[in-house]
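Residues per chain are reported as follows:
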Amino acid sequence: MLDVIKLLPDSVANQIAAGEVIQRPASAVKELMENALDAGATQIDLVVKDAGKALIMVIDNGCGMSETDARLCFERHATSKISKADDLFCIKTMGFRGEALASIAAIAQVELKTRRREDEVGTYIVNEGSIVKEQSLIPMAAGTSFTVKNLFFNVPARRNFLKSAQAEMRHIVEEFTRVTLMNPDIGFTLTSDGKEVYHLYPGTLKQRIMGLFGNSYEEKLLPVNQETDRVRISGFIVKAEYARKTRGEQYFFVNKRFIKHAYLHHAIENAFLEMIPKDSFPGYFLNIEVDPSDIDINIHPTKTEVNFLDVKLVYAILHAAVRKAIGQHNLSPMIDFEEPADLNRDFIEASKASRPIVVPNIPLDPNYNPFPQHRKPVSGDWRLLYGERTDIPTAVETNDVKPIELPVEQHTASQYLQVNQSFIVTTVKSGLLLVDQHLAHTRILFEKFLKELENSNGASQQELFPQAFSVNTNDASLLKELMPELHNLGFVLEQANPTTFMINGTPSDAAGHDAVELLERILDNYKINRTDLQLDRKLNLAKTMAAQIAVKPSTKLSEMEMQNLVDQLFACNVAEIAPNGKKIYVILSMEELLTKFN
Ligand code: ADP
Ligand code: MG
């Protein structure tokens, strides 16, 4: 019988390998631009025609190649960047596999012009389908230019598989964006079908973001900076109020390499929790710097995945960094650090050094109940409420309390209506205000509980007849874990035996609520979120308590109760969105009202 196994010719092997690395024009763009970066270029120009299908050209002013290297660079596994297996664990360059040029040359017509600064003349090479067609010496400026024509010319199936020019161009712009974002000190241009699409000058990251996404980003960005021994996080997040309905600008980089990382993305989403509506997405441009030996980037051919040795640590630091940025912007109701001690120190140091953190202007009285039983009615201005309350010293003294600019105009109404015993309706200058009473109260209590958890000043009400709370041994240990926080909220618990706790006091706000049910709910939620959301213990507690205690839909409210609720709501840090991400109120503007009568 004849032998049947043959070795594939190199050109075919390269073509097969190419399918892995070069899936579309944008993949070639990425590889060529990264090579230019690795070559130390300070100016990189990208030119494409017909969304890269007809032509991709990348011109750089980097180190260039010798005549021999120019020939060699098209060989598979030809790389100047690593030479032994150990090097794989300390990669500092973008490329390292030595596959890209071999792959591109296998499926396109490639022209290379390159000259090192020290050489008199440059080298010109034409490589088509892995075969060198032409080689000569040419005069040229130092640097390298690759011209890739007719991508997939010899793989018709691939070529037909490409999407519309518009779609392919979007991919190219995306790759261009990723590369340029992390190299703001380098100048870039992108020209498509003869039109200059981007002209990015060297500058700061902020300037680069503005160059790519528009000058409006000047307003939208919050700086993020966090450094520990092992990890450094820097970049910008987009302020919560500019969160977008589509997964917009979400850029993670590890050592300047773009990555996708669902787990770390969660750290950011989680840090934004309560800040942006459920159906919106936070924007970010963040670079995580770690020692190259702390990551493994060699797990995927297109290299947008990275394995961290200690991903939990990175998660915690990232989360803390974003919380800090939000906190300094004074959007966050609190800064819930539960991270390693030195992070806290960093934070305190940072806040001392920079502009002091403005204490959120929440005139919250820890003992204030928006549903007073015995208080005289007060008129429009909520501040009068606090002026009246001289009997109980408040955490925030009244002289701290400045009038708060309502996100809408000052509402001047004197009339409050309740619809369906669930929504409060009143007028504001610009039109009609509709408030969900349950969500509004949840937000008010949520912010209040967070403050209490921070300041350990939750008011407690002593139980005349202490209730027993029986749990299993597992829950008993959880409860003990939560004891300090529960105490801060106003719970007074005493362990009677291994599985029974006496409830000697409950938070004043929870008056009239079943303390046992409340604790059960808290334990349940804590268990659900314990594994992933450890960092948000306080957040979680405040959220659970608030949702449990807040006035329910279908509850009749007096006019004064409604007024208090609305006033309290607009004194909150975030009045628009409930802790569960839902909209708390809507305003029907006069225009909208008028159009309804057309
Ligand atoms: P890798 O980048 O993984 O090393 P490539 O196939 O992309 O593999 O490139 C092969 C080699 O060609 C590189 O290691 C580098 O030495 C050389 N090279 C590629 N592009 C350039 C460039 N723009 N300037 C200088 N040298 C380059
Ligand atoms: Mg490369």
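Going by the structure above, here's the rest.
It should be emphasised that the depicted structure is a prediction, and the values quoted were computed from it without experimental measurement.

*Asks:* Got a sec to walk through the sheet that holds strand β11 (residues 250-254)? Specific residues and values, please.
*Replies:* If you walk across this open sheet you meet the five strands as β9-β10-β13-β11-β12, and the pairing is mixed. The strands lining the two open edges of the sheet, one partner per strand, are β9 (221-227) and β12 (257-259). With strand direction ignored, the average angle separating the axes of adjacent strands in the sheet is 20 degrees. Note: β11 against strand β13 (residues 284-290), five bridges, orientation parallel.

*Asks:* So, the packing of aromatic side chains: which residues are in play, and what are the values?
*Replies:* This model, assessed by the stated rule, comprises 14 aromatic pairs. Plain terms: the ring middles of Y251 and F253 are 6.4 Å apart, the flat faces sit at 10 degrees to each other, and that makes the pair stacked. Each member of the pair, Y251 as well as F253, carries the same accessibility label: buried. Centre to centre, the rings of F252 and Y284 are 4.9 Å apart; their planes meet at 50 degrees, and the pair counts as tilted. You can see F252 sitting in strand β11 and its partner Y284 sitting in strand β13, a full 32 residues away along the chain. Residues F252 and Y284 agree in their burial class; the two are buried. Here the aromatic cluster, defined as three or more aromatic residues joined through ring pairs, consists of F213, Y217, Y251, F253, F258 and F285. We note R178 situated over the ring of F258; from NZ or CZ to the ring centre the distance is 3.7 Å. Just above the ring of Y217 sits the side chain of K220; from NZ or CZ to the centre is 4.6 Å.

*Asks:* Lay out the nonpolar core in plain terms, naming residues and giving numbers.
*Replies:* L46, F74, F146, F176, F188 and F285 are the most contacted members of the largest nonpolar core, which has 58 residues in total. Examining the composition of this core, we find that seven residues originate from one element, helix α2 (residues 25-38), more than from any other. Beyond its immediate sequence surroundings of up to four residues, F176 is in contact with M33, L46, F188, T189, L190, Y198, L200 and L212.

*Asks:* Requested: an account of the side chain of R443, with residues and values cited.
*Replies:* Within the element layout of this structure, R443 appears in helix α13 (residues 437-455). A distance of 2.8 Å separates the side chain of R443 from the backbone oxygen of I577, its partner in a polar contact.

*Asks:* Could you give me a rundown of the sheet that holds strand β21 (residues 500-507), with the residues and numbers involved?
*Replies:* Picture the strands of a sheet paired through backbone hydrogen bonds; they go either parallel or antiparallel. One open sheet holds the three strands; their spatial order is β19-β21-β20, and the pairing between them is antiparallel. A strand with exactly one partner marks an edge of an open sheet, and here the two such strands are β19 (460-470) and β20 (492-497). Each adjacent strand pair in this sheet contributes to an overall mean axis angle of 20 degrees, direction not counted. Bridge count between β19 and β21: seven bridges; the pairing is antiparallel. From the neighbouring strand, Q467 faces β21, where its bridge partner is I503. Running at roughly 20 degrees to β21, helix α14 (residues 473-489) makes contact with β19, β20 and β21 of the sheet.

Definitions and cut-offs
- Residues numbered from 1 in each chain as written.
- Chains lettered and ligands numbered in written order.
- Predicted model: local features only at pLDDT ≥ 70, side-chain atom pairs only at ≥ 80, totals over all residues.
- Heavy atoms only, no water.
- Pairing = 2+ DSSP bridges.
- Helix = DSSP H or I, 4+ residues; strand = E, 2+ residues; numbered from the N terminus.
- Axes fitted to C-alpha atoms, helices over the stretch in contact; angles between N-to-C directions.
- Phe/Tyr/Trp six-rings, centres within 6.5 Å; stacked < 30°, edge-to-face > 60°.
- Buried < 20%, exposed > 50% of the residue type's maximum accessible area, 1.4 Å probe, protein only.
- Lys NZ or Arg CZ within 6 Å of the ring centre and 35° of its normal.
- Core = buried A, V, L, I, M, F, W, Y, C linked by side-chain atoms within 4.5 Å.
- Contact = heavy atoms within 4.5 Å.
- Polar contact = N/O pair within 3.5 Å; in protein donor to acceptor, adjacent residues only side chain to side chain.

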